[in-house]
Amino acid sequence: MSADETVAVVAATHLLEERWGLDARALGEGSLARAVRARVASSGLDPSAWAALLTSRTTEADALIEAVIVPETMLFRDGSAFGALGEIAGARLMDASAERPVRVLSAACSTGEEAFSIAIALLAHGLPAEAIRVVAVDVSARAIAAARSGRCSSSALRGHIPGWAERWLTRVPGGVVIAPEVLATIDFRVGNLMDPLPAGPWDAVLCRNVLVYLVPAARARLLERIRAHLAPGAPLFVGHAEVAALLDLGWRHQRRYGPWALEPVPVSAPPAERPAGRRAGTPAPAARSSIVVAPPRAPAPAPRAAAAASVGSAPAAPLPARLDEAVALAESGERERAIALLEEVVRVDRENVAAHALLGVLHATGGDETAARNALRRALYLDPGHAESRAQLALLDRPRSRGR
Ligand SMILES: C[S@@+](CC[C@H](N)C(=O)[O-])C[C@H]1O[C@@H](n2cnc3c(N)ncnc32)[C@H](O)[C@@H]1O
């Protein structure tokens, strides 16, 4: 890289951190350099002149952010959150004194799949559309435009879609169309999570798979704002790779809503004890979530939960099914069993990137950093573009702050 190009990358790195709280290392320094090179080329300027333009012209900064964000998402990603929302909907239906809609914030909603899943879960669990308000924010104007169209690509369907959601999804060639009733409950906004958040109180906040991309100070600032806007007892859902970092920042597991749900530690509570040898907090042993992704009025074993129950009794299951079972175990708090199953998967399929990546996340949440690094490096070796593994590794490499 020429000295001029370095100047441009450094300018981009500073701007991303200053304006959006983003950490260039977590985004991938190689990807950032490629994005900067492409922006410089399309501006027709030399790299130094482009660096000056970047800080003075909003449109250039906007083009840069669109080029570097990681919009990866899917419908019903990490399913336990949506079962938990069903519980919240059920509680609201029982509460005759409730005067306002159930309010859920999707912070960093990307192309909308998360917000659609929230609204569908609330509708499926019996709340009428007028009792639901979802606000969904993302910095990417392109992603928000796609979300407002109410259409998702077929990659949105690659996870487990609960049967009860199908009523609001119409499969079309190349993707899926979201029912207008769902769209009507969601307010999509282009916004920066470093600015003040839409005012609460929020009955749940989903801020998933974005905290890993933020520098520690930005992450702490955002979490303080979320804390200030959460209704009493309301959960914050984060991504798999993000739980461990939050346990060091004054948050604790909220087990009734599953393994990725957290709540602020009350200011007067004594600091949580950490098991010896563990740097980050760890889920309490064998605390199984009671959440199943199924509607309350037609209880049926959820496919994922059923899969989890079958682990060990069906060793001949095909690899994708075993990977799915491992995800289900992880989501229901059975970390050790999920790790054992994933190790089985990678013994048979040494190049299974998803299995290595999930192993890395689970080892990290358990405090075994060496095993976490090994697994994440293996995932990145096999797929250098695997954004979550890169972000999780960057998270492990950072010095931890203690307390809040
Ligand atoms: C990996 S996606 C996560 C989408 C969704 N939450 C999920 O878990 O499926 C990360 C999103 O964070 C958004 N993002 C990154 N920094 C942001 C910021 N400062 N403000 C708002 N959105 C941001 C990106 O545009 C991207 O769409």
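Participant: Even after reading the chapter, I still don't get the pattern of salt bridges, so can you show me in this structure?
Facilitator: According to the stated counting rule, one finds 16 salt bridges in the structure shown. Note that Arg 133 is salt-bridged to Asp 187, the shortest N-O span being 3.5 Å. Placement of the pair is Arg 133 in strand E2 (residues 132-138) and Asp 187 in strand E6 (residues 186-190), with a sequence separation of 54 residues. The exposure class of Asp 187 is partly exposed, given its relative accessible area of 23%. A salt bridge links Arg 322 to Glu 344; the nearest nitrogen and oxygen atoms lie 2.9 Å apart. Taken as a pair, Arg 322 in helix H13 (residues 319-331) and Glu 344 in helix H14 (residues 335-348) lie far apart in primary sequence, 22 residues in all. Residue classification places Arg 322 among the buried positions, given a relative accessible area of 11%.

Participant: Looking at this structure, I do not really get the site of the ligand. What am I missing?
Facilitator: Taken together, 19 residues lie near the ligand, and Thr 73, Arg 77, Ala 108, Asp 138 and Asn 209 sit nearest. Contact between the ligand and Asp 138: an oxygen atom at 2.6 Å from a side-chain N or O atom of the residue. Here a nitrogen atom of the ligand and a backbone polar atom of Val 139 are 3.2 Å apart. Protein chains bury 98% of the 610 Å² of accessible surface belonging to the ligand in isolation. For the shell around the ligand, the per-class residue count stands at nine nonpolar, five polar and five charged.

Participant: Just checking my understanding: could you explain the sheet that holds strand E5 (residues 175-178) for this structure?
Facilitator: Within a sheet, each strand pairs with its neighbour through backbone hydrogen bonds, oriented either parallel or antiparallel. If you trace the three strands from one edge of the open sheet to the other, you get E3-E5-E4, paired in antiparallel fashion. The strands lining the two open edges of the sheet, one partner per strand, are strand E3 (151-153) and strand E4 (169-172). Ignoring strand direction, the axes of neighbouring strands in this sheet form an average angle of 25°. The pairing of E4 with E5 spans four bridges and is antiparallel. In the sheet register, Val 172 faces E5, and the bridge partner there is Gly 175.

Participant: How do you make sense of the packing of aromatic side chains when you look at a structure like this?
Facilitator: For any pair of aromatic rings, the description rests on two quantities: the centre-to-centre distance and the angle between the ring planes. One pass over the structure, following the stated rule, counts three aromatic pairs. Ring geometry for Phe 76 against Phe 82: centres 5.3 Å apart, planes inclined by 75°, an arrangement best described as edge-to-face. Look at Phe 76 and you get buried, because its relative accessible area is 3%. For the pair Phe 76 and Trp 164, a centre-to-centre distance of 5.6 Å together with 90° between the ring planes defines the contact as edge-to-face.

Participant: Got a minute to help me understand the sheet that holds strand E7 (residues 204-206) in this structure?
Facilitator: The sheet built from seven strands is open, its strands ordered E6-E2-E1-E7-E8-E10-E9 with mixed pairing. At either end of the open sheet lies a strand with only one pairing partner, and these are E6 and strand E9 (251-253). Of the strands in this sheet, E2 and E6 touch helix H8 (residues 141-149), which is tilted by about 160° from E6. Contacting E7, strand E8 (236-237), E9 and strand E10 (261-264), helix H10 (residues 216-229) crosses the sheet at an angle of about 70° to E9.

Cut-offs used in this document
- The numbers attached to residues start from 1 for each chain and follow its sequence in the written order.
- The predicted nature of this model means local features are confined to residues of pLDDT at least 70 and side-chain atom pairs, given and counted, to a pLDDT of 80 or more, with totals for whole chains, interfaces and linings taken over all residues.
- Derived side-chain values reflect all non-hydrogen atoms in the structure, with water molecules and hydrogen atoms excluded from consideration.
- The term salt bridge refers to a side-chain nitrogen of Lys or Arg lying within 4 Å of a carboxyl oxygen of Asp or Glu.
- Strands are runs of DSSP state E lasting at least 2 residues, helices are runs of H or I lasting at least 4, and numbering of each runs from the N terminus.
- Exposure is judged per residue with a 1.4 Å probe applied to protein chains only, and the accessible area is read against the type maximum: over 50% gives exposed, under 20% gives buried, and values in between give partly exposed.
- Proximity criterion: a residue is near a molecule or strand once any of its heavy atoms comes within 4 Å of it.
- Distance and chemistry together define a polar contact, namely a pair of N or O atoms within 3.5 Å, with one atom able to donate a hydrogen and the other to accept it when in protein, and with adjacent residues in sequence counting only for side-chain atoms on both sides.
- Accessible surface area values rest on a Shrake-Rupley calculation with a 1.4 Å probe, where residue burial reflects the displayed protein chains alone.
- Under the convention adopted here, Pro, Cys and the residues Ala, Val, Leu, Ile, Met, Phe, Trp and Tyr are nonpolar, Asp, Glu, Lys and Arg are charged, and Gly plus all remaining residues are polar.
- Any two strands are treated as partners once DSSP identifies two or more bridges connecting them.
- Inter-axis angles, ranging from 0 to 180 degrees, are taken between N-to-C directions of lines fitted to C-alpha atoms, where helices are fitted over the stretch in contact.
- Pairs were defined over the aromatic rings of Phe, Tyr and Trp, the Trp ring being its six-membered one, requiring ring centres within 6.5 Å. Orientation was assigned from the angle between planes: stacked under 30 degrees, edge-to-face over 60, tilted for the rest.
- Here, residues are in contact when the closest pair of their heavy atoms is within 4.5 Å.

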